[in-house]
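Below are the chains, spelled out letter by letter.
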Amino acid sequence: MMDWLTMSTSEFFCYFAIASFVALFCVVLPVQLASKLRRMRLARVRITCRICGYRFLRNDPEATCPHCDSRNR
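Just so it is clear, the structure is predicted and the values come from calculations on it, not from any experiment.

A. Region of the structure containing a nonpolar patch on the surface. Residues Phe 21, Leu 24, Phe 25, Val 27, Val 28, Leu 29 and Val 31 make up a contiguous nonpolar surface patch of roughly 680 Å² in combined accessible area. Counting through the fold element by element, Leu 24 comes out in helix H1 (residues 9–45).

B. Fine view of the side chain of Asn 72. Tracing the chain through its elements places Asn 72 in the segment after strand E2 (55–57). At 3.4 Å, the side chain of Asn 72 and the backbone oxygen of Ser 70 are in polar contact. Those residues in contact with Asn 72 that sit more than four places away from it in its chain are Ile 47, Thr 48, Cys 49, Arg 50, Phe 56, Glu 62, Ala 63 and Cys 65.

C. Highlighting the pattern of salt bridges. Tallied over the entire structure, the rule returns 1 salt bridge. With a shortest N-O distance of 3.2 Å, Glu 62 and Arg 71 are connected by a salt bridge.

D. Expanded view of the packing of aromatic side chains. Under the counting rule described, the total for this entry stands at 3 aromatic pairs. Note on Phe 12 and Phe 16: the rings are 6.1 Å apart at their centroids and 20° apart in plane angle, and the pair reads as stacked. Here Phe 16 and Phe 12 lie together in helix H1, a separation of 4 residues that amounts to about one turn. Classification of Phe 12 as partly exposed rests on a relative accessible area of 45%. Seen in terms of ring centroids, Tyr 54 and Phe 56 are 6.5 Å apart; in terms of plane orientation they differ by 15°. Their pairing is stacked.

The rules behind these values
- Residues numbered from 1 in each chain as written.
- Predicted model: local features only at pLDDT ≥ 70, side-chain atom pairs only at ≥ 80, totals over all residues.
- Heavy atoms only, no water.
- Patch = residues over 30% accessible without salt bridge, like charges linked within 9 Å, V, L, I, M, F, W, Y side chains within 5 Å.
- Areas by Shrake-Rupley, 256 points an atom, 1.4 Å probe, with all protein chains shown as cover.
- Salt bridge = Lys/Arg side-chain N within 4 Å of Asp/Glu carboxyl O.
- Helix = DSSP H or I, 4+ residues; strand = E, 2+ residues; numbered from the N terminus.
- Polar contact = N/O pair within 3.5 Å; in protein donor to acceptor, adjacent residues only side chain to side chain.
- Contact = heavy atoms within 4.5 Å.
- Phe/Tyr/Trp six-rings, centres within 6.5 Å; stacked < 30°, edge-to-face > 60°.
- Buried < 20%, exposed > 50% of the residue type's maximum accessible area, 1.4 Å probe, protein only.

Written out as structure tokens, the structure is:
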């Protein structure tokens, strides 16, 4: 068993680096996953008009653009 009081400086920095990488991945991976899920959810309700390029929320089945009144199916 390792005695933490007699750890050398190089062992301390090695364990510190490993713990830092583990902590980083424990924070970054859930944030990236949540961001990806949010973008996928918003992509279902947002649409860009193919004629004028106006971005709007899809609220009808035909997805009629409120800017130029074209249908975007």
